[in-house]
Structures are given as structure tokens and as C-alpha cells.
Amino acid sequence: MAAKLGILAGSGSLPRRLIESCRAAGREVFVLGLEGEAEPETLADVPHGWCRLGAASAGLDLLRANQVTELVLAGGVRRPSLASLRPDWRAAKFFARVGYRALGDDGLLSAVVKEFEREGFRVVGADELLPAASLGEGPLGRLAPDAEAAEDIARGLAVARAIGALDIGQAVVVQQGLVLGVEAIEGTDALLRRCAGLRRDGHGGVLVKLAKPGQESRADRPTIGPQTVALAAETGLRGIAAEAGATLVLDRDEVIRTADAAGLFVVGFRAP
């Protein structure tokens, strides 16, 4: 029998997809929702508890009390300031050791994963639990990028690699070779909304997403879903290109339907 899974849940639909996968497999699950991040309806019909982000001791106690041995980090989490985090003694000890201000998002997530492992949990990636969600190479729907879009993808790949190496973000929007925006702390959805007013005349741009070099994939994989496609369409983009083998596609059938209806391509590419 599979070990009981703990889901540390942030925002978005990924925690719910993991809950549904566990339910279909008959696997026991306990969800620890992060206050202010996880949606209450996500946790409504599953064994769960709540914990604020800085209350590490209480969160660990809840996981152990519910016999969790494997843990997956799922969903979005806005990085708070240290003051608003209000760390308890356990979190303060962690930050004193790793240096909160010295770590970017991926550095912090990597440190969090290692800390859970130090506490005796086996941390697994969402891709291990949802293997069918992994993006393969090539187009998902009926459309594929043309030569002009391929040039924008290549440009986006180079820029995304650069910002990823600096632990800034995973995504970039490129139109006709021009960088309209790069993802930072705001996330991909906010990036797309910000780029809506920057669109130039002519063919629309492309959203390019790929994993950061050396990224802790168990904590923060690039992810796309129907909302990503809908926002890309609203922004006036012509397509989305994401790294094959490193990106999760949530609600794949709906992603394809939404992209085809909007006249957008969604394509997986292998980063050379």
C-alpha cells in the first residue's frame, strides 16, 4: 500500500488535481492548506488542516499527527516579507540558518524541500503523481508555430534562460523579437495581464516558459492550464511554448479545446 500523502497546498488547481488522483488510486491523503493561499473549496471534502506560512512548528505537528510520510508541495504561494511572515521559533531557526534575504525563490524552495527531508518526510514531485500531465514535445492542439513564431520562441528561450539563471522567473513574452515582459515575483498570470497593454501591431507574441537551470523540480515546475491559455488569448498572443519534460499541463483536454477555439498554438519544445 502506498504511503499516506501529505499535500502542502497553495493556490490554483494543482492541489485539487492531486487530491482527485489520490482518490482515484485509493490512496490516503491529508491536505495542509496554507492560509491566504489555498482555496477553501479545494479542501472542503478531504481530511485537512490549515496553517499560516510562518507557523512551521504547527504545520509539522499537523503532518505528523495525521501520519503523513510522503509530501508534495503544490500550488502557488506569494512570497511574503519577513515581517509579514511572523515566523515561529521553528521557522525563525530555519531562516537563521539559510538566510531568507540571500535566497531567491528557487533557492528558498530548495531549502524548504531539504528541511522537510531533514524532518523525515520523503518529498515527491507533482509530476511523479500526475505522470500524464507532463508536457511532451510538439503541438497539443491543431495549430503549430510558423517560422516567425519559432524565432520568437528562440528569443524567449534565450531570455528565459538568462532570468532563470538569476532565479528571477520562468517565463517571458516575446513579440516580433521584442521582449514585452519577463516574469518576476508576480507570476505568469500577472505577467500576461501586464503585457496586454504592450502589444504591438502585427502578429501576436508568444509566451515562453521553461524551468530554471538547476531548479528544484519537486517544488516549482512550470505549469500551464486553461486559464493560462485564456489569458494568453486576452493578451493577444498567438501561442504558448513550454519546455517538454519539465512542464505540467493541467486539464489537458480543456487546454487543447481553449487553444483551438482561440486560434492559439500550445507547443512543447526540448531546450537544447
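Everything numeric here is computed off the predicted structure, so don't read it as measured data.

### Structural notes on the sheet that holds strand β1 (residues 5-9)
- Taken in spatial order, the five strands of this open sheet run β3-β2-β1-β4-β5, and their pairing is parallel. With one partner strand each, in any of the chains shown, β3 (48-51) and β5 (122-123) form the two edges of the open sheet.
- Across the sheet, helix α1 (residues 14-25) touches β1, β2 (29-34) and β4 (70-74), and the angle it forms with β1 is around 165°.
- Along the sheet face, helix α3 (residues 56-65) touches β2, β3 and β4 and points at about 165° away from the line of β2.

### Considerations on the packing of α3 against helix α5 (residues 89-98)
- Between α3 and α5, the shortest axis-to-axis distance is 5 Å and the interhelical angle comes to 110°. By the criterion of interaxial angle, the relationship of α3 to α5 is roughly perpendicular. Side by side, α3 and α5 meet where A56, S57 and L60 of the first sit next to W89, R90 and A91 of the second.
- The class makeup of the residues in the contact of α3 with α5 is four nonpolar, one polar and one charged.

### A few points about the packing of aromatic side chains
- Following the criterion strictly, the structure yields one aromatic pair and no others.
- On the numbers, 6.2 Å between centres and 80° between planes, the contact of F116 with F121 is edge-to-face.
- The class for F116 is buried, based on a relative accessible area of 13%.
- According to the relative accessible area criterion, F121 is buried, its value standing at 6%.

### Details of the pairing of β2
- Of all six residues in β2, six are buried; the element is thus mostly enclosed.
- Both faces of β2 are covered, namely the face carrying V29, V31 and G33 and the face carrying F30, L32 and L34.
- In terms of strand pairing, β1 meets β2 through five bridges, oriented parallel. Bridge pairing links L5 to V29 in β2.
- With α1 bridging β1 and the parallel β2, this β-α-β connection has right-handed handedness.
- One ladder, built from four bridges, connects β2 with β3; its direction is parallel. By the bridge assignment, L32 is partnered in β3 with G49.

### Some points on the confidence of the model for the protein
- On average, residues of the protein score 90 in pLDDT, and 96% of them reach the 70 mark or higher.
- Of all the helices and strands in the protein, helix α4 (residues 82-85) carries the lowest mean pLDDT, 73, while strand β9 (residues 206-209) carries the highest, 98.

### Points about the side chain of K212
- Here K212 shows up in the loop between β9 and β10 (223-224).
- By relative accessible area, which is 6% here, K212 ends up buried.
- Within the structure, the side chain of K212 is placed 2.7 Å from the side chain of D167, a separation counted as a polar contact.

### Digging into the pattern of salt bridges
- Enumeration according to the criterion identifies 21 salt bridges in this entry.
- Between R118 and E115 there is a salt bridge, with its nearest N and O atoms 3.5 Å apart. Placement of the pair is R118 and E115 together in helix α6 (residues 105-118), with a separation of three residues, close to one helical turn.
- Among the residues examined, E115 registers a relative accessible area of 10% and is labelled buried.
- As a salt-bridge pair, D127 and R221 come within 3.1 Å of each other at their nearest N and O atoms. Here D127, found in helix α7 (residues 126-129), pairs with R221, found in the loop between β9 and β10; they are 94 residues apart in sequence, far enough to count as distant.

Reading guide: rules and limits
- Residues numbered from 1 in each chain as written.
- Predicted model: local features only at pLDDT ≥ 70, side-chain atom pairs only at ≥ 80, totals over all residues.
- Heavy atoms only, no water.
- Pairing = 2+ DSSP bridges.
- Helix = DSSP H or I, 4+ residues; strand = E, 2+ residues; numbered from the N terminus.
- Contact = heavy atoms within 4.5 Å.
- Axes fitted to C-alpha atoms, helices over the stretch in contact; angles between N-to-C directions.
- Parallel < 35°, antiparallel > 145°, perpendicular 65-115°, else oblique.
- Nonpolar A, V, L, I, M, F, W, Y, C, P; charged D, E, K, R; others polar.
- Phe/Tyr/Trp six-rings, centres within 6.5 Å; stacked < 30°, edge-to-face > 60°.
- Buried < 20%, exposed > 50% of the residue type's maximum accessible area, 1.4 Å probe, protein only.
- Right-handed = clockwise from strand over helix to strand, strands pointing away.
- pLDDT = per-residue confidence, 0-100.
- Polar contact = N/O pair within 3.5 Å; in protein donor to acceptor, adjacent residues only side chain to side chain.
- Salt bridge = Lys/Arg side-chain N within 4 Å of Asp/Glu carboxyl O.

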